[in-house]
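A look at the structure
Single-letter residue listing:
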Amino acid sequence: MSIDFTGRTAIVTGAGRGLGREHALELARRGARVVVNDLGAGGDGGFDAANAVVEDIRRMGGQAIADGGSVTDAEAMQALARRAVEAFGGIDILIANAGILRDKSFAKMPIEDFDVVVQTHVLGTARSVKAVWNIMREAGYGRIVLTTSAAGLMGNFGQSNYAAAKLGIVGLAGSLRIEGEKSNIRVNVISPFAVTRMSEGLVPADVAEQMSPRHVSPAVAFLASEESPNGVILNAGKGRFSASRMVTSPGIELDLASLSAETIRDNWSRIIDPVGEAYYSSAHSFSRHAIMGQAEPSHAG
Ligand SMILES: NC(=O)c1ccc[n+]([C@@H]2O[C@H](COP(=O)([O-])OP(=O)(O)OC[C@H]3O[C@@H](n4cnc5c(N)ncnc54)[C@H](O)[C@@H]3O)[C@@H](O)[C@H]2O)c1
């Protein structure tokens, strides 16, 4: 059966261009009513772009409205959620995609560039989720896709602000996944690879087409669907898909009586030995199994 969003309402932040635009179009093509958010007046023209995306969706026969609120503005996000409910009767899907870059080596980075990137990605994501969270809880249904980056998962030169922010989003998703479960809210994370304004010039022209953001959006549509997994970090781009997760080495337990920096040094290779690495589904599970030594989790792998 094909994935169909008829009757569902989706909010996509930062959807005036780039990946967000393609996500909005993909959801609309599959029947979703879409709120296309991008920066309004005072931004860099994102709201005009959002209006153009709304026009594109309407031309396809779909339903959409534009919203110019900044994700960093908690009140604007609340107003966005209210508008979505008024226009379409509820909110089923949130794609938190809006983002910016301020790349520089940490040595040269003004701290304001760190602040604004963390504000946009971490606080902006939290504020957009906060605006829809209780609406989804009350409805007993929600699909949320947050946006991370390989820079956040692995680190990258010149992106300390962005990497910190993008891994912050993964931490947010990890907790929301647990808190949302009983309300049938599923929270997944997309880690895209695409040539957009954000990354143009970074890849050779001949692979740019294969790296179109429209090749990422099918993954977002799946994560936004009724059959979505929960708590997955999905790398997607150029037709390649893989999952990332945080794993922990089995480690060792040292005798407390002789514990010292030297015994840690002397046992270092055993502590970091990756053979038998395990995945823990929560800090609670980690502390019970890896710290308190209770039986291994069934999902270790
Ligand atoms: N392009 C990639 O390869 C890549 C890789 C990893 C992660 N990402 C992430 O994907 C997302 C989309 O990136 P993109 O490449 O499409 O970039 P883009 O610059 O083309 O689009 C981002 C959009 O977000 C909007 N935006 C920025 N700040 C906003 C705010 N405060 N409120 C509302 N809208 C705001 C911008 O106006 C813009 O339209 C970002 O979160 C980015 O970090 C992109």
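Heads up: the structure comes first, above all this text.
Residues numbered from 1 in each chain as written. Predicted model: local features only at pLDDT ≥ 70, side-chain atom pairs only at ≥ 80, totals over all residues. Heavy atoms only, no water.

Comments concerning a nonpolar patch on the surface
A contiguous nonpolar patch, built from Leu256, Leu259, Ile264, Trp268 and Ile272 and spanning about 520 Å² of accessible area, is present on the exposed surface. Tracing the sequence through the fold places Leu256 in the loop between strand S8 (240-244) and helix H9 (261-266). With a relative accessible area of 70%, Leu256 lands in the exposed category. (Patch = residues over 30% accessible without salt bridge, like charges linked within 9 Å, V, L, I, M, F, W, Y side chains within 5 Å. Areas by Shrake-Rupley, 256 points an atom, 1.4 Å probe, with all protein chains shown as cover. Salt bridge = Lys/Arg side-chain N within 4 Å of Asp/Glu carboxyl O. Helix = DSSP H or I, 4+ residues; strand = E, 2+ residues; numbered from the N terminus. Buried < 20%, exposed > 50% of the residue type's maximum accessible area, 1.4 Å probe, protein only.)

Side note on unusual backbone geometry
Generally, phi is negative for residues other than glycine and the peptide bonds are trans, each holding for most cases. Backbone geometry at Asn184 places phi at a positive 60°, although glycine is not the residue there. Looking at Asn184, the relative accessible area reads 27%, which means it is partly exposed. In this structure, Lys238 is a non-glycine residue whose phi angle is positive, near 60°. Relative to the elements of secondary structure, Lys238 occurs in the loop between strand S7 (233-237) and S8. By relative accessible area, Lys238 is classed as partly exposed at 41%.

Re the environment of Arg177
As for its position among the elements, Arg177 is in helix H6 (residues 160-180). For Arg177, a relative accessible area of 12% puts it in the buried group. Taking the C-alpha atoms as reference points, Arg177 and Asn188, 11 residues apart in sequence, are found 7.6 Å from one another. The contact partners of Arg177, leaving out residues within four places of it in the chain, are Val187, Asn230, Gly231, Tyr279, Ser281 and Ser282. (Contact = heavy atoms within 4.5 Å.)

Regarding the site of the ligand
Near the ligand there are 29 residues, and of these Arg17, Asp38, Asn97, Tyr162 and Thr196 occur at the shortest range. One of the backbone N or O atoms of Val71 is found 3.0 Å from a nitrogen atom in the ligand. If the ligand stood free it would expose 830 Å²; the protein chains cover 95% of that surface. (Near = heavy atom within 4 Å. Polar contact = N/O pair within 3.5 Å; in protein donor to acceptor, adjacent residues only side chain to side chain.)

Notes on the pairing of strand S2 (residues 33-37)
Note on strand geometry: in a regular strand, side chains alternate between the two faces of the sheet. Within S2, four of the five residues are buried, which leaves the element mostly enclosed by the surrounding structure. Examined bridge by bridge, strand S1 (residues 9-12) and S2 share four bridges and lie parallel to one another. Across the sheet, Thr9 pairs through a bridge with Arg33, a residue of S2. Two elements, S2 and strand S3 (residues 64-67), share four bridges in a ladder whose sense is parallel. Bridge assignment links Val35 to a residue of S3, and that residue is Ile65. (Pairing = 2+ DSSP bridges.)

Examining the pattern of salt bridges
Within the structure shown, the criterion is met by 11 salt bridges. The salt bridge partner of Asp92 is Arg8, with a shortest N-O separation of 3.2 Å. Of this pair, Asp92 sits in the loop between helix H3 (74-88) and strand S4 (93-96) while Arg8 sits in the segment before S1; the two residues are 84 residues apart in sequence, bridging distant segments of the chain. Neither residue differs from the other here; Asp92 and Arg8 are each classed as buried. Across the salt bridge formed by Arg214 and Glu209, the nearest N and O atoms sit 2.7 Å from each other.

Structural notes on the nonpolar core
In terms of nonpolar packing, the biggest core is built from 31 residues, with Ala24, Leu27, Val34, Val36, Ile57, Ile95 and Ile190 touching the most fellow members. For this core, the leading source of residues is helix H1 (residues 18-29), giving five residues. Those residues in contact with Leu27, other than ones at most four positions away along the chain, are Phe5, Ala10, Val12, Ala32, Val34, Ile93, Ile95, Ala221 and Ala224. If you look at the next biggest cluster of nonpolar residues, it comprises 28 residues, including Ala98, Ala131, Leu146 and Val170. (Core = buried A, V, L, I, M, F, W, Y, C linked by side-chain atoms within 4.5 Å.)

Quick word on the sheet that holds S1
Sheet architecture is open: eight strands sit in the order S3-S2-S1-S4-S5-S6-S7-S8, paired in mixed fashion. Of all the strands in the sheet, the pair left with one neighbour each is S3 and S8. Each neighbouring strand pair of the sheet contributes to a mean axis angle of 20°, computed without reference to strand direction. As defined by bridge partners, S1 adjoins S4 across three bridges and the pair is classed as parallel. Counted as the bridge partner of Ile11 is Leu94 from S4. (Axes fitted to C-alpha atoms, helices over the stretch in contact; angles between N-to-C directions.)

A look at the packing of aromatic side chains
One pass over the full model with this rule turns up two aromatic pairs. Each ring, one from Phe106 and one from Phe114, has its centre 6.2 Å from the other, and the planes form 75°; the classification is edge-to-face. Given a relative accessible area of 56%, Phe106 falls into the exposed group. Both rings, one in Tyr280 and one in Phe286, keep their centres 5.4 Å apart while their planes meet at 75°; by these two values the pair is edge-to-face. Owing to a relative accessible area of 14%, Tyr280 belongs among the buried residues under this scheme. On the basis of relative accessible area, Phe286 is assigned to the partly exposed category, the value being 30%. Cation over ring: Arg8 sits above Tyr141, and NZ or CZ is 3.9 Å from the ring centre. (Phe/Tyr/Trp six-rings, centres within 6.5 Å; stacked < 30°, edge-to-face > 60°. Lys NZ or Arg CZ within 6 Å of the ring centre and 35° of its normal.)

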